[in-house]
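A structural walkthrough
Listed here are the chains, written in short residue letters.
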Amino acid sequence: KAYTFLKKQLLHIVAFTLLLFLIGCSTQKNTWLSRNTLGVYTRFNVYYNGNESYKEGLTKINAAHKEDYSGILPMYPISVHSNASAATAEMERAIEKAKKAIKLYSFKKKPTKDPTKAKDPKYIALMNQEEYNPMMDEVWLLMGKAEFHKGDFLAAVGTFTYITKHFENDKDCIAEARIWMARAYAEMGWYYEAEDLLNKVNKEQFSYRLSGLFSTVNADLLLKQKRYKEAYPFLELALEKETDKTLQTRFNYILAQLNEREKNNTKAQYYYSEVIKKNPPVEMDFNARLNNAKNNPPEFTDKSIKALNKLLKNSKYINYQDQTYYTLAKVYEQGKDTASVIKYLSL
């Protein structure tokens, strides 16, 4: 076992030494190998650490967020800007790592000219690039996203603007930067600028990968302006594309709220049920169950009462009994049972 461990360690040292040698060569000559070697090193060294710090920060922002169920939930916890303070250290570290990667591994040296390819469109595009480290677009995006989640939305706009001007050959990268820029505008209340930018992005081609982000940012912008009917189809598409379970749960809850607002009680119950299936935090789970009971039609009053009494008996929801009593009072009010209304309001 000791021999195997030492052998693995030796192989790691040799591989690392070889990688450092290749990186040293990469600054001497711009070739496919040198570019991609530098990219691999950037990804698994500086960028990896910065991205991990960024993800830790997102987790802290989510944990710091306190929901307000009296209104439509925000698409993202960062929209309550005070939440950004929970992840200041993590986001600053991500920004620091991005800046370090840019300083140490940005590679702008042009490849050796090849006259035989002077009319080749791919060769012309290669020669017109400003940056040759294939990971540098991801590094700049990471910095912008970290600035955004630090709550420094203006700095984020500056970073995303830089990307659009200096990575012109990477259409997908530019589209992603513009979508994030629109999101930053929305957080600052610059709704016209955000909408104008998203309209421009929509007229250009971007990959299927970005369609979810595009839909989510559109929904977020419209919800911020209380343009609920316009936001709804974007939110449906955002839910369809979303892979993060926490965001899926949140989007389901918002769709339920929008349907409830429009008196589409059956669809509201469907989306609240989808929330419950995701095993959300206790408070969201309780509110989804409470609203499901509340949205039963008048002819199913007994069903509502049974569901609400079940909530009262569950110790998990003991801190929310006041809301359950109030909802029971409202249900009995529909049936004109004044005595029960008074009883539950008193409780």
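The notes below deal with the structure included here. Just so you know, these numbers come straight off a predicted model, no measurement behind them.

Conventions used here
Residues numbered from 1 in each chain as written. Predicted model: local features only at pLDDT ≥ 70, side-chain atom pairs only at ≥ 80, totals over all residues. Heavy atoms only, no water. Helix = DSSP H or I, 4+ residues; strand = E, 2+ residues; numbered from the N terminus. Rg over C-alpha atoms; globule rule 2.2 N^0.38 Å. Contact = heavy atoms within 4.5 Å. Areas by Shrake-Rupley, 256 points an atom, 1.4 Å probe, with all protein chains shown as cover. Lys, Arg positive; Asp, Glu negative; His and termini not counted. Charge placed at Lys NZ, Arg CZ, Asp CG, Glu CD. Axes fitted to C-alpha atoms, helices over the stretch in contact; angles between N-to-C directions. Parallel < 35°, antiparallel > 145°, perpendicular 65-115°, else oblique. Left-handed = near helix turned anticlockwise from the far one by under 90°. Core = buried A, V, L, I, M, F, W, Y, C linked by side-chain atoms within 4.5 Å. Buried < 20%, exposed > 50% of the residue type's maximum accessible area, 1.4 Å probe, protein only. Salt bridge = Lys/Arg side-chain N within 4 Å of Asp/Glu carboxyl O.

**Topic: the overall build of the protein**
For the protein, the helix and strand inventory stands at 16 helices and zero strands. Here the C-alpha atoms of the protein give a radius of gyration of 26 Å, more than 25% beyond the 20 Å that 2.2 N^0.38 yields for 347 residues. Viewed in the frame of its principal axes, the protein has a C-alpha envelope of about 90 × 60 × 30 Å. Contacts in the protein between residues at least 24 apart in sequence constitute 60% of all its contacts with a sequence separation of at least 6. Summing over all exposed atoms, the protein offers an accessible surface of approximately 19,500 Å²; the carbon and sulfur share of this is 55%. With 52 positive and 40 negative side-chain charges, the protein shows a separation of 5 Å between the mean positions of the two kinds.

**Examining the packing of helix 10 (residues 228-241) against helix 11 (residues 245-261)**
Packed helices, taken two at a time, are described by the angle their axes make and the gap between the axes. Contact pair helix 10 / helix 11: the axes reach a minimum separation of 10 Å and the direction vectors enclose 150°. Comparing their axes, helix 11 and helix 10 come out roughly antiparallel. With respect to the hand of their crossing, helix 10 and helix 11 are arranged in left-handed fashion. Counted together, Tyr228, Tyr232, Leu235, Glu236, Ala238 and Leu239 of helix 10 and Gln248, Phe251, Asn252, Ile254, Leu255, Leu258, Asn259 and Arg261 of helix 11 form the full contact between these two elements.

**Remarks on the nonpolar core**
If you look at the biggest cluster of nonpolar residues, it comprises 79 residues, and the most contacted ones within it are Met75, Phe160, Ile163, Leu235 and Tyr253. Looking at this core, the element that brings in the most residues is helix 7 (residues 171-187), giving ten residues. When sequence neighbours within four positions are dropped, the list of residues in contact with Ile163 reads Trp140, Leu141, Cys173, Ile174 and Ala177.

**Quick look at unusual backbone geometry**
Of note in the backbone geometry, Asn279 takes a positive phi value of approximately 50° without being a glycine. Locating Asn279 in the fold gives a position in the loop between helix 12 (265-277) and helix 13 (282-294). The phi angle at Lys336 is positive, at roughly 60°, despite the residue not being glycine. Position of Lys336 among the secondary structure elements: in the loop between helix 15 (321-334) and helix 16 (338-346).

**Brief notes about the pattern of salt bridges**
Within the structure shown, the criterion is met by 18 salt bridges. Two residues, Glu262 and Arg261, come together in a salt bridge whose shortest N-O distance is 3.3 Å. Here the salt bridges share partners, and the residues they tie into one network are Asp172, Glu176 and Arg209.

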